[in-house]
Amino acid sequence: MSMILSASVVRVRDGLPLSASTDYDQSTGMQKCRKYFKMLSKKLSQLPDRCTLKTGQYNINFISSLGVSYMMLCTENYPSVLAFCFLDELQKEFITTYNMMKTNTAVRPYCFIEFDNFIQRTKQRYNNTRSLSTKMNLADMQTEIKLRPPYQISVSELGSANGFAHLSVAEYKGTGKISAAPHHRLEPVTLPGIVSFVLSLLCGALNLIRGFHAIESLLQNEGEDFSYVIAFFLGTAACLYQCYLFVYYTGWRNAKSFLTFGLICLCNMYLYELRNLWQLFFHVTVGAFSTLQIRLRQPQGKSPDYNV
């Protein structure tokens, strides 16, 4: 019988399960598929925004958007177009019900378990296909699937330790080829992120001004220490690089942000004699706040402005 068996909502960056349908099937096949669910959840940040994993008599389909992935398990003969319509409906309802701040700051598994009520109702509708004929445009969905079919994941890839090292959440073509890392898109900017960006620019400007003043002082007094000039300009470069990391995706982005924050701390320690405690506290605090915002702004999948 063709049907949807279960579904879940997972955070992309760390695989934290946010909600899931309560199914009680304890068959060997279902237990194995649950293991595949967990393995996929850990690799979502490396995968395209629309994928299918075929596991014999079952298929696992999922879509990712705005840092959240929507996964479902169905029988192998369940129509692909209906499967992705189902996921799209879950996505739209979840985005409408919960804001990104809640999903980004969630720490407990299944903290949105009440969303299961909607999953169950939607699953029942999609398992009764006669009730769906007037509620969606299947022609548009079929066209979308043909133009941009889901990336086909093999079980052998899933079981390999380095199976998805080459994959990314960037936009991809229907052939399954993945674009390079510079095209990754980050989650939408939040108000704290904008504040951190502006403050980092301010700190960079202050360091730059003090650096030029240090050069003038050095030209007028030969006894001045040139290392202060270097420290000011390094501080400027570090602040501007934090702004860059906040706006653009790069490899090892989080590690770079922590190293940049360390450089800011070292520069301010060296400039201890030229700044009062409040100035030092301001520069270090801004650096720490910007590092946190870089860490919170994660790569996202394709925005929910498409048909699947």
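For clarity, every value in this text was computed on a predicted model and none was experimentally measured.

## Topic: the pattern of salt bridges
- Throughout the structure, instances matching the rule amount to four salt bridges.
- For the salt bridge of Arg148 with Asp49, the shortest nitrogen-to-oxygen distance reads 3.2 Å. Here Arg148, found in the loop between α5 (138-147) and β6 (151-153), pairs with Asp49, found in the loop between α1 (28-41) and β3 (50-55); they are 99 residues apart in sequence, far enough to count as distant.
- Assessed through its relative accessible area of 12%, Arg148 is described here as buried.
- Close ionic contact of Glu89 with Arg125 constitutes a salt bridge, the shortest N to O distance being 2.0 Å.

## A few points about the UniProt feature "transmembrane region" (unreviewed entry) in the protein chain
- In this structure's numbering, the residues bearing the UniProt feature "transmembrane region" (unreviewed entry) are residues 189-209, 229-248 and 255-272.
- Segment residues 189-209 splits into 90% helix and 0% strand. End C-alpha atoms: 28 Å apart.
- With 95% helix and 0% strand, residues 229-248 has its two end C-alpha atoms placed 29 Å apart.

## Concerning the packing of helix α9 (residues 253-270) against helix α10 (residues 277-296)
- Here α9 crosses α10 at 180 degrees, and the two axes come no closer than 9 Å. What the angle tells us is that α9 and α10 run roughly antiparallel. On α10, the residues touching Arg253, Asn254, Ser257, Phe258, Phe261, Ile264, Cys265 and Asn268 of α9 are Leu280, His283, Val284, Gly287, Ala288, Thr291, Ile294 and Arg295.
- The residue makeup of the contact of α9 with α10, split by class, is eight nonpolar, six polar and two charged.

## Some remarks on the nonpolar core
- With 29 residues, the main nonpolar core has Val9, Leu18, Tyr70, Met72, Phe86 and Phe94 as its most contacted residues.
- If you list the elements that add at least two residues to this core, you get β1 (4-11), β5 (68-75), α2 (80-97) and α4 (116-126).
- Per-element tally for this core: the top contributor is α2, with nine residues.
- Among all residues touching Phe94, those that are not within four sequence positions of it are Val9, Leu18, Val68, Tyr70, Thr103, Phe112 and Phe115.
- Counting 19 residues, the second-largest nonpolar core is a separate cluster that includes Cys33, Leu47, Phe62 and Ile153.

## Topic: the packing of aromatic side chains
- One pass over the full model with this rule turns up 14 aromatic pairs.
- Aromatic pair Phe212 and Phe233: ring centres 5.6 Å apart, planes at 85 degrees, arrangement edge-to-face. Here Phe212 is found in helix α7 (residues 191-220), whereas its partner Phe233 is found in helix α8 (residues 226-247), with 21 residues between them in sequence.
- Residue Phe212 is classed as partly exposed on the basis of its relative accessible area, which comes to 45%.
- Geometrically, the ring pair formed by Tyr241 and Tyr244 is stacked, given 5.9 Å between the ring centres and 15 degrees between the ring planes.

## Describing a nonpolar patch on the surface
- On the surface, a cluster of nonpolar side chains totalling about 430 Å² of accessible area is made up of Val189, Leu191, Ile194, Val195 and Val198.
- Structurally, the position occupied by Val195 is in helix α7.
- Relative accessible area serves as the criterion here: at 37%, Val195 is assigned to the partly exposed category.

## Describing a positive patch on the surface
- Taken together, the side chains of Lys32, Lys35, Lys38 and Lys42 make up a positively charged region of the molecular surface.
- Within the secondary structure layout, Lys32 lies in helix α1.
- By relative accessible area, Lys32 is classed as partly exposed at 49%.

## Topic: the environment of Lys146
- Secondary-structure assignment places Lys146 in helix α5.
- With a relative accessible area of 71%, Lys146 lands in the exposed category.
- Each C-alpha atom, one on Lys146 and one on Val81, is 9.9 Å from the other, the two residues being 65 residues apart in sequence.

Reading guide: rules and limits
- Residues numbered from 1 in each chain as written.
- Predicted model: local features only at pLDDT ≥ 70, side-chain atom pairs only at ≥ 80, totals over all residues.
- Heavy atoms only, no water.
- Salt bridge = Lys/Arg side-chain N within 4 Å of Asp/Glu carboxyl O.
- Helix = DSSP H or I, 4+ residues; strand = E, 2+ residues; numbered from the N terminus.
- Buried < 20%, exposed > 50% of the residue type's maximum accessible area, 1.4 Å probe, protein only.
- UniProt positions renumbered as here; feature names shortened; annotations may be inferred.
- Axes fitted to C-alpha atoms, helices over the stretch in contact; angles between N-to-C directions.
- Parallel < 35°, antiparallel > 145°, perpendicular 65-115°, else oblique.
- Contact = heavy atoms within 4.5 Å.
- Nonpolar A, V, L, I, M, F, W, Y, C, P; charged D, E, K, R; others polar.
- Core = buried A, V, L, I, M, F, W, Y, C linked by side-chain atoms within 4.5 Å.
- Phe/Tyr/Trp six-rings, centres within 6.5 Å; stacked < 30°, edge-to-face > 60°.
- Patch = residues over 30% accessible without salt bridge, like charges linked within 9 Å, V, L, I, M, F, W, Y side chains within 5 Å.
- Areas by Shrake-Rupley, 256 points an atom, 1.4 Å probe, with all protein chains shown as cover.
- Lys, Arg positive; Asp, Glu negative; His and termini not counted.
- Charge placed at Lys NZ, Arg CZ, Asp CG, Glu CD.

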